[in-house]
Structure formats: structure tokens, C-alpha cells
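Descriptive analysis of the structure
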Amino acid sequence: PRNLRGVGQMTPEQILRRTLRQGTVYYMQQRSVTSAKPHYCIVMNASPLTDELIVLSIVTSNVEMRKDRARLTGERPETIVEMGPADYPELSLPSCVDCNDVKRCDASQFRSDVSRAAAVPCRDLPPGVLERIVAGILLSTQVDDRVKDLVRIAV
């Protein structure tokens, strides 16, 4: 992951105010992911600066496993959004987002986690990929309506 230009001189709160929006990506450990390794975590809320619950999508390189899981649970193929370095240059491997498995965290806890030096802000997700992930979340039968309301792109 690459640091954003100029972020090094800012306080954690200034970084959040500047970067926290739908499609913001942080390379960090996430408490609800079983692996201790950092992952690309995508903020999915349409209004993350004011929401009390932050919804995250996690990028994984376990593409086939996620596709198999979606098939076994009867989810539509569009709930697995594949991407690679050509779609999002931060990635080095073919990867995906499983839109059936979003992570939720308290906004204050998320801000605390992002403020740690180990959380690296990355380039925002390109709009086309973001739209596919939002659509996948909205299609999922495993994501509850409250979460879907938080991620809908405001028109």
C-alpha cells in the first residue's frame, strides 16, 4: 500500500475528516477478520462521518473459496466482486470482495483503529468497482436491511 501525499503531516482526526467517505480504503488489521494479517478494508457507508456504525468490506485473495461459498449458500454471482491490479492498483493479486460478508464496527472504535500508526490510508476505490460492491451488498440475502440502508449511495 502507498501513503497518500501530505497525510504524514496531519493529525489522525484531520486524516479522517479528509479521507473518510464511501470507498475510502485502509490497509489495516480488522478485529472481526480471523487472520491477524492486515487487509484492504473498504468503508461502505454513504455517510461515514456521521454514522454510528461503520460498514466495511474486506478484500481477499481467496476468490475461488468465496465464489464457492456464495454458490453453496444460494447467493447470486454478483455478490462476489472480483478485482485485480488493473482495477485497483494497490492490489498485487487477483482478489475479490464477498458482499455477503460485511463487517460492522462502532464508529468510535473504527476511528481509534484507523488512528493507529498501523492503519495505512490508500487510494479510494474507483467508482465503478465501488458501485459493483454496493450493488452486491444490496443483492445479498445475508446482509440485513439496516446495513443496506447505510451503504446505499445517495442520489
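Presented here is an overview of the structure given in this document.

Calculation criteria
Residues numbered from 1 in each chain as written. Predicted model: local features only at pLDDT ≥ 70, side-chain atom pairs only at ≥ 80, totals over all residues. Heavy atoms only, no water. Disulfide = S-S within 2.5 Å. Buried < 20%, exposed > 50% of the residue type's maximum accessible area, 1.4 Å probe, protein only. Helix = DSSP H or I, 4+ residues; strand = E, 2+ residues; numbered from the N terminus. Pairing = 2+ DSSP bridges. Salt bridge = Lys/Arg side-chain N within 4 Å of Asp/Glu carboxyl O.

**Structural notes on the state of the cysteines**
Formally, a disulfide is one covalent bond, and it connects the sulfur atom of one cysteine to the sulfur atom of another. Under the definition given, this model contains 0 disulfides. With no disulfide partner, Cys99 has as its closest neighbouring cysteine sulfur the one in Cys96, 8.7 Å distant.

**Some details on the pairing of strand β6 (residues 103–106)**
Of the two faces of β6, the one lined by Lys103 and Cys105 is fully buried and the one lined by Arg104 and Asp106 carries no buried residue. Summarising the sheet, strand β3 (residues 53–60) and β6 pair through 4 bridges and their orientation is antiparallel. Bridge pairing in β6 places Ile54 opposite Cys105.

**Remarks on the pattern of salt bridges**
Per the counting criterion, the structure on display carries 11 salt bridges. Arg66 is paired through a salt bridge with Asp98; the nearest N and O atoms lie 3.0 Å apart. Taken as a pair, Arg66 in helix α2 (residues 63–72) and Asp98 in strand β5 (residues 95–98) lie far apart in primary sequence, 32 residues in all. Pair check on accessibility: Arg66 and Asp98 agree, each one buried. With its nearest N and O atoms 3.2 Å apart, the salt bridge here joins Asp101 to Arg66. Residue Asp101 is found in the loop between β5 and β6, and its partner Arg66 is found in helix α2; the two are separated by 35 residues along the sequence. For Asp101, a relative accessible area of 24% corresponds to the partly exposed category. Shared partners join several salt bridges into a network, and the residues in it are Arg66, Asp98, Asp101 and Lys103.

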